[in-house]
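Reading the structure
Letter by letter, the chains look like this.
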Amino acid sequence: MCIRDRENNVFKVVLLQALPASGKSEVRNFMANIEPERLKKEFHIGENLQLDDFPYVHMMRRIDNELEAMGQARLFYPGEEPFIDGRDWGTLCCLLNEDYHDLLNRNVQRPDSCAQLLFDRYDRAGQIVGIAPRLGKLPEEIRKKLAEKLEAEAAAMLKEKQDAYPDSFDGKTIIIECARGGPDGASMPLTGSDGYQYSLPMFCPEILENAAILYIWVTPEESRRKNADRADPNDPGSNLHHGVPLAVMLGEYGCDDMEYLVNTSEQKGTVTVKAHGNTYHVPIGIFDNRVDKTSFLRAEPSAWDAALVEDVTCAIRQATDTMWAGYRK
């Protein structure tokens, strides 16, 4: 059932999408530092509730690194290269679906082991997209040792998730951040598990029927440049400062298919998503960041230049106005 919050003049769900380092996390940081009433009035964005698949990607690499250190085979990544099984792009979407439902239902879990719970979630989400359980097939002693190594990080992830549950969803906007793409030089349409054409239909009906897309447009070359600039090896788990390996940037983010999906959509100003036996026309607004407008937002807000703030404000408002024009129909 559609629950679009027209009464409060805000989007219920915004899919914040772009290539890595395009400015997604910077835009989130910008929104977090705008007065709530102004954010609602000018951008149709309510108080933010944020979901992101990057922490799951980071933990996949942490799991693999710990397994390799124990002499075990890696499960998700062969090293600094793309996914072993590209369907894990769908695994990430299924984890976000679960987070979305947990958020709406304020589902609080207090497991004996947060790491073991996370392992089960990876296996369950993978099964939805056709991947056989991996962590569940580890020898019991190895899985127990792995859980001990990662318990503190898994517990912090679960606490952060559950601490964000609001008392009410009135006037709130759930922002779901993710990046998708395909190999450098690939032609359109992307095939297999590459791109938004694969991942968007993986989102649950409750997300798709309430969503608008805010797409941040940069070239793959600019994405790689900004990725190198932001990378802080001392902070690999940070949304604002993590770096994606170059092999992954070329193999999984060498292009993306959002422009293709917009140009081939059944309705202008939308992306057509066929999923769950239905057709969704998801409104989209495009924030053109090909000439970098957002890197300054990594600094403390007190250091933000007023002229740059005005420039990024106008560009984002133009995109959200376009989204809202389709969303309120």
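Worth saying up front: this structure is predicted, and the values here are computed from it rather than measured.

With 40 residues, the main nonpolar core has Ile63, Tyr122, Leu135 and Leu146 as its most contacted residues. Not counting residues up to four positions away in its chain, the partners in contact with tyrosine 122 are Tyr56, Met59, Met60, Ile63, Phe76, Thr91, Leu95 and Leu135. Core analysis: the next-biggest nonpolar cluster, separate from the first, contains 30 residues, Leu103, Cys204, Met258 and Val271 among them.

Pairing is mixed in the open sheet, where 6 strands are placed in the order β2-β3-β1-β4-β6-β5. On the outer flanks of this sheet lie β2 (47–52) and β5 (270–275), each paired with one strand and no other. With strand direction ignored, the average angle separating the axes of adjacent strands in the sheet is 30°. Looking at chain direction, β2 and strand β3 (residues 172–178) are connected through 6 bridges and run parallel. Bridge pairing in β3 links glutamine 50 to isoleucine 175. Its contacts with the sheet put helix α1 (residues 24–32) on β1 (13–17), β2, β3, β4 (211–217) and β6 (278–288), and the angle it makes with β3 is roughly 160°.

This part is about helix α5 (residues 114–128). A rise of 1.5 Å per residue sets the reference length of α5, with its 15 residues, at 21 Å; its end C-alpha atoms lie 21 Å apart and thus fit the reference within 8%. Along α5, the positions that sit buried rather than exposed are Cys114, Ala115, Leu117, Leu118, Phe119, Arg121, Tyr122, Asp123, Ala125 and Gly126. Looking one or two residues beyond α5, the residue adopting positive phi is glycine 130, at roughly 100°.

The next subject is the packing of helix α2 (residues 36–43) against helix α12 (residues 306–327). The interhelical angle for the contact between α2 and α12, taken along N-to-C directions, is 55°, at an axis separation of 9 Å. In terms of orientation, α2 and α12 fall into the oblique class. Facing Arg38, Glu42 and Phe43 of α2, the residues of α12 in contact are Thr313, Ile316, Arg317, Thr320 and Asp321. Its residues placed into classes, the contact of α2 with α12 shows 2 nonpolar, 2 polar and 4 charged.

This part is about α12. Between its first and last C-alpha atoms α12 spans 30 Å; for 22 residues at 1.5 Å apiece the expected length is 32 Å, and the two agree. Turning to α12, its buried residues are Val312, Thr313, Ala315, Ile316, Ala319, Thr320, Met323, Trp324 and Tyr327. Packing partners of the buried residues in α12 comprise β1, α1, α2, β4 and β6. N-capping of α12 is provided by aspartate 305, with a side-chain oxygen placed 3.0 Å from the backbone N of alanine 307.

Now for the pairing of β6. In terms of strand pairing, β4 meets β6 through 5 bridges, oriented parallel. In the strand pairing of β6, leucine 214 is matched with glycine 285. Relative to β6, β5 runs antiparallel, the two sharing 6 bridges. Across the sheet, residue valine 271 finds its bridge partner in β6, namely valine 282. Turn length for the β5-β6 hairpin, with the two strands adjacent in sequence and antiparallel, is 2 residues, and the turn residue histidine 276 shows positive phi of about 60°.

Backbone torsion omega between methionine 188 and proline 189 reads 0°, so that peptide bond is classified as cis. By the element assignment, proline 189 lies in the loop between β3 and α7 (195–199). A positive phi angle, near 60°, is found at histidine 44, a position not held by glycine. Following the sequence through the fold, histidine 44 ends up in the loop between α2 and β2. Phi at arginine 106 takes a positive value of approximately 50°, unusual for a residue other than glycine. Looking at arginine 106, the relative accessible area reads 34%, which means it is partly exposed.

Conventions adopted
Residues numbered from 1 in each chain as written. Predicted model: local features only at pLDDT ≥ 70, side-chain atom pairs only at ≥ 80, totals over all residues. Heavy atoms only, no water. Core = buried A, V, L, I, M, F, W, Y, C linked by side-chain atoms within 4.5 Å. Buried < 20%, exposed > 50% of the residue type's maximum accessible area, 1.4 Å probe, protein only. Contact = heavy atoms within 4.5 Å. Pairing = 2+ DSSP bridges. Helix = DSSP H or I, 4+ residues; strand = E, 2+ residues; numbered from the N terminus. Axes fitted to C-alpha atoms, helices over the stretch in contact; angles between N-to-C directions. Expected span 1.5 Å × (residues − 1). Parallel < 35°, antiparallel > 145°, perpendicular 65-115°, else oblique. Nonpolar A, V, L, I, M, F, W, Y, C, P; charged D, E, K, R; others polar. Polar contact = N/O pair within 3.5 Å; in protein donor to acceptor, adjacent residues only side chain to side chain.

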